[in-house]
Amino acid sequence: MNYFIYLLSFFICSAQCAPQNVFSSAPTCGYSSCNPVKDGMINVHLVPHTHDDVGWLKTVDQYYYGDKNDIQIAGVQYILDSVIPQLINDPSKRFIYVEIAFFARWWREQTDSMRHVVKGLVAEGRLEFILGGWCMNDEASTHYNAIIDQHTIGFEFLRQNFKDCGRPRVAWQIDPFGHSREQASLFAQMGFDGLFFGRLDYEDKDNRLKQKTMEMIWKGSPKNLGSVSELFTGALYSGYGPPGGFCWDTICGDSPVMDDDRLHDYNVPAVMQNLVKAVNDQAKHYQTKHLIWTMGSDFQYSNANTWFKNLDKLIKYANAMQANGSNINLLYSTPSCYLDQLNKAGLKWTSKEDDFFPYASRGHSYWTGYFTSRTALKYYVRRTNNFLQVTKQMDALALLEDTDNSTYNIVILREAMGVAQHHDAVSGTEKQAVAYDYATRLANGVNECEKVINDAYGKLMPLGSQKPPSHQFCTLLNISSCSVTENNKMFQLHIYNPIARPVEYYVKLPVVGKTYSVIGPDGKAIETQVVPISPDTMRIPERSGSLAKHDLVFPTTLQPLGFTTYFIQMTAGKKAKTGHETKTLPLSATSANVVLQNKYISLTFDGQSGMLMSMQNLEKEISLTISQEFRFYFSQAGNNSKDEFQASGAYIFRPNDTQSYNFSSSPSLTTKSYVQAGQIVQELVQSFSPWATQTVILYENARFAEFQWTVGPIPIDDKLGKEVISKFTTDLKNNGFYYTDANGREILERRRDHRDTWALNQSEPISGNYYPINSRIFIQDQKVNKQLTILNDRSQGGGSIQDGEIEIMVHRRLLHDDSLGVGEPLNETGSDGKGLVVRGSHYVFLDTLEASASLHREKAEELFMAPQLSFTTEQTKYSDWSKNFRTTWSGVKQALPRNVHLLTLEQFAGTGPEPSESQPFLLRLEHMYEIDEDATLSKPVNVSIQDLFTTFEITSATELTLGANLPLSQLERLKWMSADDVDTESTKAHDPSLKFKPSQLNDSLTVTLKPMQIRTFQIEIKNRQ
Ligand SMILES: [Zn+2]
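Bear in mind that the values here come from a model prediction, so they are computed numbers and not experimental data. (Residues numbered from 1 in each chain as written. Predicted model: local features only at pLDDT ≥ 70, side-chain atom pairs only at ≥ 80, totals over all residues. Heavy atoms only, no water.)

**Q** What exactly am I supposed to notice about the coordination of the zinc ion here?
**A** Angles at a metal have ideal values that depend on geometry: 109.5 degrees with four tetrahedral donors, 90 or 180 degrees with six octahedral donors. Donor atoms from the polypeptide that coordinate the zinc ion comprise H51 (NE2), D53 (OD), D175 (OD) and H423 (NE2), at 2.0 to 2.1 Å from the metal. Note that the zinc ion binds four donor atoms; their angles at the metal cover 92 to 160 degrees, and the shape is irregular. Mapping the donors of the zinc ion onto the primary sequence yields the spacing H-x1-D-x121-D-x247-H. Placement of D175 in the loop between β4 (170-173) and α7 (181-189) and of H423 in the loop between α13 (406-420) and α14 (432-460) is noted, with a sequence separation of 248 residues between them. The pair formed by D175 and H423 is uniform in burial state, with each residue classed as buried. (Donors = N, O, S within 2.8 Å, 3.2 Å for Na, K, Ca; no water. Tetrahedral: all angles 85-135°; square planar, octahedral: opposite > 155°, others 65-115°. Helix = DSSP H or I, 4+ residues; strand = E, 2+ residues; numbered from the N terminus. Buried < 20%, exposed > 50% of the residue type's maximum accessible area, 1.4 Å probe, protein only.)

**Q** Which parts of the structure should I look at to understand α7?
**A** Since there are 3.6 residues in each turn of an α-helix, residues three or four apart along the chain are aligned in direction. With respect to burial, α7 is a largely interior element, nine of its nine residues being buried. Among all positions of α7, only R181, E182, Q183, A184, S185, L186, F187, A188 and Q189 are buried. Looking at where α7 begins, the residue whose side-chain oxygen comes 3.1 Å from the main-chain nitrogen of E182 is S180. (Polar contact = N/O pair within 3.5 Å; in protein donor to acceptor, adjacent residues only side chain to side chain.)

**Q** What should I look at first to understand the domain arrangement of the chain in this one?
**A** Accessible area lost upon the coming together of the parts serves often as the stated size of an interface. Partitioning the chain into domains gives domain 1 (374-580), domain 2 (583-847) and domain 3 (900-1023). Domain 1 puts 32 residues into the contact, and the matching count from domain 2 is 44 residues. Approximately 3200 Å² of surface area, both sides summed, lies buried where domain 1 meets domain 2, with 50% of it carried by carbon and sulfur atoms. The three residues of domain 1 that bury the most area against domain 2 are T375, Y506 and R539, which together make up 19% of that side's buried surface. Counting across the domain 1 and domain 2 interface gives two salt bridges. The shortest N-O distance in the salt bridge between E683 and K508 comes to 3.0 Å. Where domain 1 touches domain 2, the interface holds 18 residue pairs in polar contact (both at pLDDT 80 or more). (Domains from an automatic or database assignment. Contact = heavy atoms within 4.5 Å. Buried area = accessible area lost by both parts, 1.4 Å probe. Salt bridge = Lys/Arg side-chain N within 4 Å of Asp/Glu carboxyl O.)

**Q** Please clarify how the pairing of strand β30 (residues 705-711) should be interpreted in this entry.
**A** Put simply, side chains in a regular strand alternate between the two faces of the sheet. The element β30 is largely enclosed, with a buried count of seven among its seven residues. Across six bridges, strand β29 (residues 692-699) lies against β30 in antiparallel orientation. Its bridge partner lying in β30, T693 is registered against T710. Linking β29 back to β30 in an antiparallel pair, the connection comprises five residues. Pairing between β30 and strand β39 (residues 838-847): seven bridges, direction antiparallel. The residue of β39 that forms the bridge with F707 is H842. (Pairing = 2+ DSSP bridges.)

**Q** Looking at this structure, how should I read the side chain of D90?
**A** With respect to the helices and strands, D90 occurs in the loop between α3 (76-89) and β2 (95-97). Classification of D90 by relative accessible area gives buried; the value is 19%. With residues up to four places along the chain from it excluded, the contact list for D90 reads R126 and D312.

**Q** Which parts of the structure should I look at to understand unusual backbone geometry?
**A** Negative phi characterises most residues that are not glycine, and trans characterises most peptide bonds. Cis peptide bonds are those with omega within 30 degrees of zero, and the linkage from F357 to P358 qualifies with -15 degrees. Inspection of the secondary structure assignment puts P358 in the loop between β11 (351-352) and β12 (360-362). Of the consecutive residues G712 and P713, the connecting peptide bond is found in the cis state with omega at -5 degrees. The topology assignment puts P713 in the loop between β30 and β31 (722-730). The backbone phi angle of D932 is positive, close to 65 degrees, even though this residue is not glycine. Position of D932 among the secondary structure elements: in the loop between β43 (921-927) and β44 (941-944). On the basis of relative accessibility, which here comes to 73%, the residue D932 falls in the exposed class.

**Q** What am I meant to see in the sheet that holds strand β1 (residues 42-48) here?
**A** Backbone-to-backbone hydrogen bonds pair the strands of a sheet. The strands run either parallel or antiparallel. Spatially, three strands are ordered β8-β1-β9 in an open sheet, and the strand pairing comes out parallel. The sheet terminates laterally at β8 (290-295) and β9 (328-332), the two strands that pair on one side only. On average, each strand axis in the sheet is inclined to that of its neighbour by 25 degrees, with strand direction left out of account. Pairing of β1 with β8 involves six bridges; the strand directions are parallel. Note that in β8 the partner of N43 across the bridge is H290. The strands touched by helix α11 (residues 335-344) within the sheet are β1 and β8, with β8 carrying the most contacts at an inclination of about 170 degrees. (Axes fitted to C-alpha atoms, helices over the stretch in contact; angles between N-to-C directions.)

**Q** Explain the packing of aromatic side chains to me, please; I cannot follow it from the model alone.
**A** Any two aromatic rings considered together are summarised by their centre-to-centre distance and by the angle between their planes. Applying the stated criterion across every chain yields a total of 60 aromatic pairs. A ring pair is formed by Y237 and Y286, whose centres lie 6.2 Å apart and whose planes are at 75 degrees; its orientation type is edge-to-face. One end of the pair, Y237, is in the loop between β7 (230-235) and α9 (268-283); the other, Y286, is in the loop between α9 and β8, and 49 residues separate them in sequence. On the basis of relative accessibility, which here comes to 24%, the residue Y237 falls in the partly exposed class. (Phe/Tyr/Trp six-rings, centres within 6.5 Å; stacked < 30°, edge-to-face > 60°.)

**Q** Can you help me understand the sheet that holds strand β28 (residues 681-689) in this one?
**A** With respect to topology, ten strands assemble into an open sheet ordered β22-β27-β28-β29-β30-β39-β36-β35-β32-β33, the strand pairing being antiparallel. Both edges of this open sheet fall to β22 (583-586) and β33 (747-751), since each of them pairs with a single strand only. Each neighbouring strand pair of the sheet contributes to a mean axis angle of 20 degrees, computed without reference to strand direction. Bridge count between β22 and strand β27 (residues 674-677): four bridges; the pairing is antiparallel. Residue pairing for β27: P586 is matched across the bridge by Y674. Along the sheet, helix α17 (residues 849-864) contacts β33, β35 (776-781), β36 (786-792) and β39; its crossing angle with β36, the most-contacted strand, is approximately 5 degrees.

**Q** Just checking my understanding: could you explain the UniProt feature "domain: Glycoside hydrolase family 38 central" (unreviewed entry) in the chain for this structure?
**A** If you check UniProt for "domain: Glycoside hydrolase family 38 central" (unreviewed entry), the listed places come out as residues 365-442 in our numbering. In residues 365-442, helix accounts for 63% and strand for 3%; the two terminal C-alpha atoms are 32 Å from one another. (UniProt positions renumbered as here; feature names shortened; annotations may be inferred.)

**Q** I'm lost on the state of the cysteines in this one. Help?
**A** Any covalent bond linking the sulfur atoms of two cysteines counts as a disulfide. Summed over all chains, the structure comprises four disulfides. C29 shares a disulfide with C165; S-S distance 2.1 Å. Judged by the torsion about the S-S bond (-80 degrees), the C29/C165 disulfide is left-handed. In this pair, C29 is assigned in the loop between α1 (2-13) and β1 and C165 in the loop between α6 (144-162) and β4, connecting sequence segments 136 residues apart. This pair shows no difference in class: C29 is buried, exactly as C165 is. Disulfide pairing places C474 opposite C482 at an S-S distance of 2.0 Å. Here the disulfide of C474 and C482 is right-handed, its torsion about the S-S bond being about 55 degrees. Here the two residues C474 and C482 agree in accessibility, since each one is buried. Unpaired in this structure, C135 has its nearest cysteine sulfur neighbour in C449, at a distance of 18 Å. You can see C449 has no disulfide; the closest cysteine sulfur is in C474, sitting 18 Å from it. (Disulfide = S-S within 2.5 Å.)

The following block contains the structure:
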């Protein structure tokens, strides 16, 4: 009660009063602040919590303020307003808060005195931050780069405002629809002691309940990282809601505890009976004498009193029964307090090495549709991550100061990207209006960051005092549309390469003319080719207004972590000597086979049908029989009332048949297919239907073939939803095995109709074999030593449904909702309202097993960290420009080794109690290879960072946890034992925690990276200029 009086005094005295310390002076947060348990009893940890989606049915702002309550009654501001006084009033009460995107909005609106009170609650562990990311990210369609970033900004907010007591100890993924092993590995490296989640396959759950293995040690990187990637993981008993009958939010319907026995509705005995039953039901499936009850759900606690008043009574009457021999003890708790008790139990837990994909909630409800849902948004999120990394790097390399406003500009995109990782954002399971809101946020962030890139070029480009002209950006280059290149006869192209090694890159610019001269950074002419834009690109509605009829194509070699400038001019009529012709050759019924070939690979197409027939790796003399086509599934319709009536929807993929369909009875592409042959690029344009087209592209020096597809508008006049796949069929014998990446990093082995930890009863032979393909999928034939690898440019779903096949879902248009909450069919209509047209690319490699990793690792890096193009339109010659400006520049003194990825380079506030004035930077280096993937590139590698960068020297480096919120030397994680651990002296010891000793860096700050290792450093720098 005394806290409440103090709080009142704060409100009265406002800001001019000196803050008073109403809480005990030393922070007592962490495991020592937990409410006591009773040994020998079943301790029920009541965890009051709210699950606040960072956008879903409403936008993130609408959820925050409680707007549009006709869509969903939800207002996050009221939740925090309402919970804090409850915590102030009663020191035994606990509450956890998770989504920092919301908490940061609320925090900005609070007075100093309220902030002071909340800091006190956090310091005493009464309000605890769990997970602490900007959002609770999706695990299927998110890229590890964006996952790490979204946690880093959440952690940074907590650290700045709550110091060590704000550092989350437990990860909390209660709602995502399946769980990735890479996510577990990243969480372990962020220093989390444990992870709890709510959703797992119904068969897996039944099995685990029977075996009492709902709680386990998850090995996040068993082959590469070992114990640092291990994470204690618990699957919650009733999702993330309360047991039946105990939901006491204003939006719940359960009876309150009515405890005046003079009244007719007195129900304490009935509530206690229900409690005892619920406790015993759960206790028989778990190993310890502790149970966790998640007392809350979506957007609950906006009137916290209804919850807390009834929980108070529940605790009071349940614990009173102990006097009569009851062994049930209820307490207010948090996930970390529950975890602490599990740890103290000192048991040996079973372990798991695979992941929790795919997630089925019942026999015909496989949540594998969302792997592909909103495929254009998924692409935009991936591209925007690319742009954010470029901005952060250039901001750091140019040493932009806050006076340039760069921090503020970057924050807007950082936070928009943080929001976009949410499990109803990039997952594609939000309403259409909310999807538009996410995209708008990203676009606003990109606009802000374009200013930063301009400022960085302003510093890095000039040789003297003259400022470079303003850079313009083209965001629709993927559909051959760009007003700068279309409307200017003379312009400069600047390419920033965010990879710290040289990259070979083919530029493709939409232009109106037929002949161009391109001058490179050294003043020499570059070989070019002008290729007509295919009619199928022309039909994309989002190109409306674009004048381009051709693409100008030329090869470039890009500086590591730097920029390169090219000078482009239309040469009306007269063809430059360096211009290569494009010959257009239509296919006809009598055509001989068509071959696209460079010095590395060759693709043979049937001259009559235009279909792919075979692929050769010319260096290795490997040949593969392969065809590729687009097909589609008809989506199951249904009212979802029973398993058999499950419809395909935004979450669920359920085809209505066990086979896919092609576009006509005999696949023939002759009518529209043709070849565009030239020196630099060769293309085969294929038309499978008026709405499913493709260009197979082979560049002069590429070891891959690009299959650029354009799909949509998917017709629905037959009132049937459709899900379109690109299907590759080969003669490889992969014996049911295929391989997909997890969040763009480690590769997981998949086996058709099989799960590692239980005997699967396969009820959906297609959907049940779909996995997230975040960056790549491959199949191998070990006998003939051939591997077919396909990389994509965004997250998609797919698998190998029959031996020799790979299928990847590229687009879906559905007419039914799957009754999992979103309440809308996934029917995207695009800018013209007629149905969304989507374009993307698959990159196809054929090689031996041992050579394939170096191809897909490098290409994957080049795809998610693609070069960033910008343009200036000075009417000036190379010789004049190069007097004033650098035409080439690198931010590193030497390229990083081929197996090292520069994951993060950004300005960073630092991990001290206050933002550091010495302007520290954050640096993450990553070994891109797994153990044994490549004979040489999988070896450990050293990088000396002191003298690595050109604009600054690194004077010291402190190694941090992956989330950059704690020096690694200070990290202590709870120690767990798994049943397969061998007893050693160290595991027998009673030290419950593991302390991490970062390896000391030597004088030249040499960093050693082991396979798949990411090392995070706060670096102090000295400006060289
Ligand atoms: Zn959710």
